[in-house]
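# Structural overview for review
For reference, the chains in residue letters:
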Amino acid sequence: MSNVGMLGGGVENSVEQEEVLAEAIAEQIAEQMEEMEDMKESLEEFLKSEGLENKVTIEQDGEEVILTFSDFMLFDSGQAIIKPEGLEVLGKIGGEIKQYLDNGYIARAEGHTDNLPINSFIFPSNWELSASRAISVAKYLINEVEINPMALSAEGFGEYYPIASNDTSEGRAQNRRVEIKVTKDAIE
């Protein structure tokens, strides 16, 4: 009979522990969302102070802050070499996000294209072009801005994550982009 009482007490304690854990996780997520909102606002102020608000867009999506660069600002058509004016913008923004990446945040450079096929000697597909563009951005940030390579990765998504319709030239232009996504390092 005493075993039943212990079992019942154990189940109640387990439920209470799960509730406490769930509350702690919810509090941690809310805190991270607030940190990301603060980062977004700080980066928006920086963009305005540098006159870059028309060259880079910034948004918060959950636990990420996303900086979006249009492809024409960074690259010539079908190329993955960053243009000089793109280097200047990337250098300024890279210097600003470096403070976060030096303090427990990580970033991912993501390349995206429209759905018009590319088939060049260097880039047999949009996937290769998008990956090369993301790598170019990451390499520049690592080599020139001195961002820690352990805090930055690069991925190419080709045409598979459009943000606009590929049925119009305006939509395709929006889909050709590089995004830098900054988030808190879960391993920290």
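Preceding this paragraph is the structure being described.
The rules behind the values
Residues numbered from 1 in each chain as written. Predicted model: local features only at pLDDT ≥ 70, side-chain atom pairs only at ≥ 80, totals over all residues. Heavy atoms only, no water. Patch = residues over 30% accessible without salt bridge, like charges linked within 9 Å, V, L, I, M, F, W, Y side chains within 5 Å. Areas by Shrake-Rupley, 256 points an atom, 1.4 Å probe, with all protein chains shown as cover. Salt bridge = Lys/Arg side-chain N within 4 Å of Asp/Glu carboxyl O. Helix = DSSP H or I, 4+ residues; strand = E, 2+ residues; numbered from the N terminus. Phe/Tyr/Trp six-rings, centres within 6.5 Å; stacked < 30°, edge-to-face > 60°. Buried < 20%, exposed > 50% of the residue type's maximum accessible area, 1.4 Å probe, protein only. Expected span 1.5 Å × (residues − 1). Bend = angle between axes of the 7 residues up to and from the residue. Contact = heavy atoms within 4.5 Å. Pairing = 2+ DSSP bridges. Axes fitted to C-alpha atoms, helices over the stretch in contact; angles between N-to-C directions. Core = buried A, V, L, I, M, F, W, Y, C linked by side-chain atoms within 4.5 Å. Parallel < 35°, antiparallel > 145°, perpendicular 65-115°, else oblique. Left-handed = near helix turned anticlockwise from the far one by under 90°. Nonpolar A, V, L, I, M, F, W, Y, C, P; charged D, E, K, R; others polar.

Let's shift gears to a nonpolar patch on the surface. Taken together, the side chains of Leu21, Ile25, Ile29 and Met33 make up a nonpolar region of the molecular surface, amounting to roughly 330 Å² of accessible area. Of note, Leu21 is situated in helix 1 (residues 2–50).

The next thing to look at is the packing of aromatic side chains. Summed over all chains, the structure comprises two aromatic pairs. Note on Tyr100 and Tyr105: the rings are 5.7 Å apart at their centroids and 85 degrees apart in plane angle, and the pair reads as edge-to-face. Looking at Tyr100, the relative accessible area reads 13%, which means it is buried. With a relative accessible area of 10%, Tyr105 lands in the buried category. Measuring from centroid to centroid gives 5.1 Å for Phe157 and Tyr161, while their planes differ by 85 degrees, and the two rings are edge-to-face.

All chains considered together, the criterion is met by 16 salt bridges. Taken together, the shared-partner salt bridges in this structure form one network comprising Glu64, Arg108, Glu110, Glu155, Arg177, Glu179 and Lys181.

Let us look at helix 3 (residues 84–101). Here helix 3 contains 18 residues, and its C-alpha end-to-end distance of 24 Å stays within 8% of the 26 Å for a straight helix at 1.5 Å per residue. The sharpest bend along helix 3 comes to roughly 30 degrees, located at Gly95. Along helix 3, the positions that sit buried rather than exposed are Gly86, Val89, Leu90, Ile93, Gly94, Glu96, Ile97, Tyr100 and Leu101.

Before going further, it helps to examine unusual backbone geometry. The residue Glu146 is not glycine, and still its phi comes out positive at about 65 degrees. A relative accessible area of 60% places Glu146 in the exposed class.

As a further point, take the environment of Thr113. With respect to the helices and strands, Thr113 occurs in the loop between strand 3 (105–112) and helix 4 (126–143). The buried category is assigned to Thr113, whose relative accessible area is 3%. Sequence separation between Thr113 and Glu41 is 72 residues; the distance between their C-alpha atoms is 28 Å. Those residues in contact with Thr113 that sit more than four places away from it in its chain are Asn126, Leu129, Ser130, Gly158, Glu159, Asn175 and Arg176.

Let us look at the sheet that holds strand 2 (residues 64–70). Here we have five strands laid out as an open sheet, ordered 1-2-5-3-4, and mixed in their pairing. Each edge of the sheet is formed by a strand with only one pairing partner; in this case those strands are strand 1 (56–61) and strand 4 (152–156). Averaged over all pairs of adjacent strands, the angle between strand axes in this sheet comes to 20 degrees, irrespective of strand direction. Of the strands in this sheet, strand 1, strand 2, strand 3 and strand 5 (177–184) touch helix 3, which is tilted by about 170 degrees from strand 2.

If you look at the biggest cluster of nonpolar residues, it comprises 36 residues, and the most contacted ones within it are Leu67, Phe69, Ile93, Val137, Leu141 and Ile180. Examining the composition of this core, we find that six residues originate from one element, helix 3, more than from any other. Apart from the residues lying within four places of it in its own chain, the contact partners of Leu141 are Leu90, Gly94, Glu146, Ile147, Leu152 and Ile180.

As a further point, take the packing of helix 3 against helix 4. Orientation of helix 3 relative to helix 4, taken along the N-to-C sense of each, is 60 degrees, at an axis distance of 10 Å. The pairing of helix 3 with helix 4 is recorded here as oblique in orientation. Considering only the axes of helix 3 and helix 4, their crossing is right-handed. Where helix 3 abuts helix 4, its residues Leu87, Leu90, Gly91 and Gly94 lie against Val137, Tyr140 and Leu141. In terms of residue class, the contact of helix 3 with helix 4 is built from five nonpolar, two polar and no charged.

As a further point, take the environment of Asn119. If you trace the backbone, Asn119 turns up in the loop between strand 3 and helix 4. Asn119 sits ten residues away from Leu129 along the chain, and the two C-alpha atoms are 9.8 Å apart.

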